[in-house]
Amino acid sequence: MPDPPSASASAPAAAAGAAPPPTPAVPLTALLAHDELGLRRIAGPDAAGTAVHWVHTSEMSDPYPYLLGGELLLTAGVHVPEGAEAGPHLDAYVSRIVAAGGAALGFGVAPVHAAVPPALVAACDRYGLPLLEVPPRTTFSGVARAVWQLMAEARHTELRRVAQAQQGLAAAAARPDPVPALLRQLATRLGGYAALHAADGTPAQSAGTPPGEAARAALARLAGVVLHPAGPRPAPAPASGTDTVAGTHLAAYALAGPQGLALGVATRRREPGDHTVAQVAAVLLSLLTAPLQGATEAARSAALVRLLLGAAPHEVASLLGAGPWTVVHARVQRPAADGTAPTAASLAAALGSTLVDPARDGGGSSEGGGDGSDARDTTLLVPADREVTPQRGWTLGVSAPAGADALAAADAQAARAVRRAAATRVPLVRHHGTGLAALVAPAEADAHARALLAPLGGSAPLTETLRAWLSLHGSWDHTAAALAVHRNTVRQRVARCAALLDADLDDPDVRMELWFALTRTV
């Protein structure tokens, strides 16, 4: 009986900045092979197939309330009565660990017990819980450190694999036959099967080794789930769904746009980074299968890929067209109660754009240089003649209309607007370029701004903090929230600006002049 398909609304990842895959678990066999630890399996099933997600130490007689599942639970047996007559106690103890989803039990020999109690060995055999003997020379902290080190190594390997897969997918998308090339590359990277499903669930194009008939049928049904959700009332389709049939892992991803297409993937194994790689492919396929307007398919595909890889906008201006365009920065608001969040694909569809770069991971905190405030923004290019309206689940910052040669400045405008929207807790803020600035010649205004702000030495943290603080009417808390830093950091930076500029920042005239100057800088 196949597992019921599950669907999630996780946002597709961009080729230039995909969300990192989860940290891989550590095989129990890797811990047993660690010579310095000297661990020995003395009861329970073979360690093959058992994975450890974390380590927990407890001397509670019932650790169930404190376990999340997947732990290697370590104990010295303080709660175990002396003698082998403690069978009922240990039987209940092991059963509770298994009920909590514990991966394995490690028993430290000495100083409490000279040997592992036979009743504990019998209980672990009875309930199928791997039991490890921890020798006296091995500390519990040493076991935990070894697990974290193995996790770090596995995560580094997985991140490298995902990065290489992203590069391969981007290169395939820039080929003259981008869609078949991308499907072949995805099937190769995942070691399985990849297909582009039409609106009725049938595979229009595919690559790799097809799975069995039952798995193919289930994959077609899963593609239908993400494209046409069932139910008595209309509901938004999930961005992705998963299922397992006859040992084959299946996943489907809805592509953005009105074409009604879905990416289907079938693999025998599911690695932690496979979801991220498939999301990248879904984003690229969404762009490659979008309606063509004003350029050949190959040229448009190459332009989109180059944008994803960070090429300067003027390099692809001839392919994008003169515009004008509106740049939109979007941030996901608090996720729903079930942990789901709106997707970049759904936002792009709502705003009528296929030029979308989903959330980038830029590292978060601004401490140590750079404010990092738009590190997780989704960025879209929307034709200027299409009105950008508030969207449920999103905080939006909208630039002024700009031509292809001015997209960098428009991107900065949208970034500032979304920071202000987040700080003031409104769904949408637009950049406005009207006012006194229009009365001053641009060259003169720029020269005045450079001279006035020169004492700051071009420091991005100081400049961005001052800009945010002024835009938020001197609110320390709102500025800290907008820049994702501590309010004391904001106070220190503003005080530093006041000292370098030799200015009274409480003076409204000074604030007005500084704000004017800051609006002239990107």
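Heads up: the structure comes first, above all this text.
The structure presented is a predicted model; accordingly, all values stated were derived computationally and were not measured.

## Quick notes on the sheet that holds strand S17 (residues 394–398)
Okay, so step 1: Strand order in this open sheet of five strands is S15-S16-S14-S17-S18, and the pairing throughout is mixed. In the strand order of this sheet, the two ends are held by strand S15 (355–357) and strand S18 (428–430), each with one partner. Neighbour-to-neighbour, the strand axes of the sheet open up by a mean angle of 20°, direction not taken into account.
Okay, so step 2: The pairing of S17 with S18 spans three bridges and is parallel. Within S18, the residue paired with Gly 397 across the bridge is Val 429.

## Points about the pattern of salt bridges
Okay, so step 1: Throughout the structure, instances matching the rule amount to 10 salt bridges.
Okay, so step 2: Salt-bridge contacts for Arg 161 lead to Glu 158; the nearest nitrogen and oxygen are separated by 2.6 Å. In this pair, Arg 161 and Glu 158 both sit in helix H4 (residues 140–173), three residues apart, roughly one turn of the helix.
Okay, so step 3: On the accessibility criterion, Glu 158 (8% relative accessible area) is buried.
Okay, so step 4: One salt bridge in this structure joins Arg 161 and Asp 274, with 2.7 Å as the shortest N-O distance. Taken together, the residues Arg 161 in helix H4 and Asp 274 in helix H7 (residues 274–288) connect sequence positions 113 residues apart.
Okay, so step 5: What you see here is one network of salt bridges that share partners, running through Glu 158, Arg 161 and Asp 274.

## Remarks on the nonpolar core
Okay, so step 1: Ranked by internal contacts, the top residues of the largest apolar core, which has 27 residues, are Leu 169, Leu 182, Leu 183, Leu 186, Leu 263 and Leu 285.
Okay, so step 2: Mapped by element, the contributors of at least two residues to this core are H4, helix H5 (178–190), strand S9 (193–197), strand S12 (248–254), strand S13 (262–267) and H7.
Okay, so step 3: Of the residues forming this core, the biggest block, eight residues, is contributed by H7.
Okay, so step 4: Once you skip the residues sitting within four places of it in the chain, Leu 186 turns out to touch Leu 169, Ala 194, Leu 263, Val 265, Val 277, Ala 278 and Ala 281.
Okay, so step 5: Core analysis: the second largest hydrophobic core is formed by 20 residues, Leu 453, Ala 468, Cys 497 and Leu 514 among them.

Calculation rules
Residues numbered from 1 in each chain as written. Predicted model: local features only at pLDDT ≥ 70, side-chain atom pairs only at ≥ 80, totals over all residues. Heavy atoms only, no water. Pairing = 2+ DSSP bridges. Helix = DSSP H or I, 4+ residues; strand = E, 2+ residues; numbered from the N terminus. Axes fitted to C-alpha atoms, helices over the stretch in contact; angles between N-to-C directions. Salt bridge = Lys/Arg side-chain N within 4 Å of Asp/Glu carboxyl O. Buried < 20%, exposed > 50% of the residue type's maximum accessible area, 1.4 Å probe, protein only. Core = buried A, V, L, I, M, F, W, Y, C linked by side-chain atoms within 4.5 Å. Contact = heavy atoms within 4.5 Å.

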